[in-house]
Amino acid sequence: MKTHLAIDFGGTRSRAALFDDELRLLRRAETPSKVEEGMGPGLKRLIDLGKSVIEPGSKPASIGIAAPGPLDAETGVIIRARTLPGWSEVPLAKTISGAFDNLPTFLQNDANLGALAEYHLGAGQGADPMIYLTISTGLGGGVIINGQLFTGWRSHAIEPGHMRFSLPDGSHRRWEELVSGTALGDWARFRLRATDSASSLRDLPDVDGGAVGAAALAGDPLALAVAAQAGRWLGFGLVNLLHLFNPAAVVIGGSASKLGELLLDPARAIIREHILHHDFYYDGLIRPAAFAEDMCLIGAALHAKLQLGGNASGPRRGLGSD
């Protein structure tokens, strides 16, 4: 039976899964990434994680790796990812391929793989162009145009989380500093320091995005205000993307997207207020992702399978396949 190994390397957690050729999940495992321990231990942890889902004596046909960008998909190198402090110019695909008998290995931006999965198998089927956004530790995205993954001149597109915005205080922030799990924690800690508003968050030793999301879903007023603030900034960024790409659908995934309408309602209000023309927006344009936390695993396996068969979007090249 032909199988495909998928690895999703994130700033917080790493996951590995084995899929059959029909992309049915066979086995899955995950572990904390612990990127602060450095590249050596981190790479060994990824390799061990991948091997843990493969039965002894069996060999996958390919390996697909999802990782934060910017990265070079052609050479399989992580260039420099803000969610992976200290991980610069890391030959991830070559290292992983070498640990698995030089199997064909394909590295791609995690958000691009999310876009691929949602377009072919999920909430974005039939929508062209389609934008996918993942809102978790940071904010990433991918775009499908004419059925193909759009990766730009040097295969670095798209990095929407690095769009710049001017704040009322005159400072300039990247979009992911305003809309992400990290941003939710930052906004909440600022409000806790600056106000005396009652909040269940005051009783917690660590106020991060997950805690803010849980508090907002439980009805905490301060957390709800933070979610609405992030939602408005989400809306401003989406206005820019809608004007640039005029997509048929925008699919929203990632852990912060679990806030659902608490995040999306304020975003939609901003879009309706600032959109240039009604042809850029319609009810139903913004959709929740069909896949949850395993989206990048599905996308990585799909990408590797398609690349191996020569039908994938983008260049057909895998480290270890020569």
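Structure shown above.
Each value, and the rule that gives it
- In every chain, residue numbers begin from 1 and rise along the written sequence.
- Thresholds applied to this predicted model are a pLDDT of at least 70 for local features of residues and 80 or more for the giving and counting of side-chain atom pairs; totals over whole chains, interfaces and linings are not thresholded and use all residues.
- Only hydrogens and water are set aside; all other atoms, that is, all heavy atoms of the structure, feed into the side-chain values.
- Relative accessibility under 20% of the residue-type maximum defines a buried residue, over 50% an exposed one, and the middle range a partly exposed one, all with a 1.4 Å probe and only protein chains included.
- Strands here mean DSSP runs of E at least two residues long; helices mean DSSP runs of H or I at least four residues long; both are numbered from the N terminus.
- Two strands qualify as a pair provided DSSP detects at least 2 bridges between them.
- Throughout, an axis means a line fitted to C-alpha atoms (over the contacting stretch in the case of helices), and angles, computed between N-to-C directions, take values from 0 to 180 degrees.
- Relative orientations are named as follows: roughly parallel for angles under 35 degrees, roughly antiparallel for angles over 145 degrees, roughly perpendicular for angles from 65 to 115 degrees, and oblique for any other angle.
- For a crossing to be left-handed, the near helix must be turned anticlockwise from the far one by less than a right angle; the clockwise case is right-handed.
- Note on definitions: a residue-residue contact is assigned when non-hydrogen atoms from the two residues lie within 4.5 Å.
- With a 1 Å grid laid over protein atoms only, a set of points is called a cavity when a 1.4 Å probe fits there but cannot get out and a pocket when it is open yet has protein on both sides within 12 Å along at least five of seven lines; lining residues have an atom within 4 Å of a point.
- Grid points are joined across faces, edges and corners, and a volume is the space filled by probe spheres set on the points.
- Under the grouping applied here, Gly and all other residues not named as nonpolar or charged are polar, the nonpolar ones being Ala, Val, Leu, Ile, Met, Phe, Trp, Tyr, Cys and Pro and the charged ones Asp, Glu, Lys and Arg.
- When two rings of Phe, Tyr or Trp (its six-membered ring) have centres within 6.5 Å they constitute a pair, described as stacked for plane angles under 30 degrees, edge-to-face for angles over 60, and tilted for the intermediate range.
- Here, a charge over a ring is recorded when the distance from Lys NZ or Arg CZ to the ring centre is within 6 Å and its angle to the ring normal is within 35 degrees.

Some points on the pairing of strand β10 (residues 139–145)
Of all 7 residues making up β10, 6 are buried, and the element is well covered by its neighbours. Here 6 bridges tie strand β9 (residues 130–135) to β10, and the two strands are oriented antiparallel to one another. For Leu133, the partnering residue across the bridge sits in β10 and is Gly141. Once β9 ends, the chain turns through 3 residues before running back antiparallel as β10. Judged from the 3 bridges that link them, β10 and strand β11 (residues 148–150) form a sheet pairing that is antiparallel. Looking at the pairing, Ile144 lines up with Leu149 of β11. If you look at the hairpin formed by β10 and β11, you'll find 2 residues sitting between the two strands, and Asn146 has a positive phi there, around 55°.

Notes on the packing of helix α4 (residues 181–194) against helix α6 (residues 221–245)
Following both chains from N to C, one finds α4 and α6 inclined at 130°, their axes separated by 9 Å at the closest point. The angle between the axes of α4 and α6 places the two elements in the oblique class. In the packing of α4 onto α6, the handedness of the crossing is right-handed. Contacts between α4 and α6 pair Leu184, Trp187, Ala188, Arg191 and Leu192 from the former with Leu222, Ala225, Val226, Ala227, Gln229, Ala230 and Trp233 from the latter.

Let's talk about unusual backbone geometry
Put simply, Asp128 and Pro129 share a cis peptide bond, and its omega is 0°. Cis rather than trans, the peptide bond between Ala157 and Ile158 has omega equal to -10°. Within the element layout of this structure, Ile158 appears in the loop between β11 and β12 (164–166). Unlike most non-glycine residues, Leu23 shows phi in positive territory, near 65°. Inspection of the secondary structure assignment puts Leu23 in the loop between β2 (13–20) and β3 (25–32). One non-glycine residue, Asn102, adopts positive backbone phi at about 55°.

As for empty space enclosed by the protein
Following the criterion strictly, the structure yields 2 cavities of 30 Å³ or more and no others. Lining the second largest cavity we find Pro70, Leu71, Gln108, Asn109, Asn112, Ser155, His156, Ala157 and Glu159. Across the lining of the second largest cavity, the residue classes tally to 3 nonpolar, 5 polar and 1 charged.

Thoughts on the sheet that holds strand β7 (residues 88–90)
Pairing in this open sheet of 3 strands is antiparallel, and the strands run β5-β6-β7 from one edge to the other. Single-partner strands in this sheet number two, and they are β5 (71–72) and β7. Here strand β6 (residues 77–80) runs beside β7; their pairing, made up of 2 bridges, is antiparallel. Bridging from a neighbouring strand, Ile78 pairs with Val90 of β7.

Topic: the packing of aromatic side chains
Throughout the structure, instances matching the rule amount to 4 aromatic pairs. A ring pair is formed by Phe165 and Trp175, whose centres lie 6.4 Å apart and whose planes are at 45°; its orientation type is tilted. Remark: Trp175 occurs in the loop between β13 (172–174) and α4 and Phe165 occurs in strand β12; sequence separation between them is 10 residues. Trp175 carries the same exposure label as Phe165, and that label is buried. When the ring of Phe165 is compared with that of Trp233, the centres are 5.8 Å apart and the planes differ by 70°; the resulting orientation is edge-to-face. You can see Phe165 sitting in strand β12 and its partner Trp233 sitting in helix α6, a full 68 residues away along the chain. Like Phe165, the residue Trp233 is buried in the burial classification. Grouping aromatic residues by their ring pairs yields a cluster made of Phe165, Trp175, Trp233 and Phe236. Taking the ring centre of Phe100 as reference, the NZ or CZ of Lys51 above it sits at 5.8 Å.

Nothing here speaks to function; it is all geometry.
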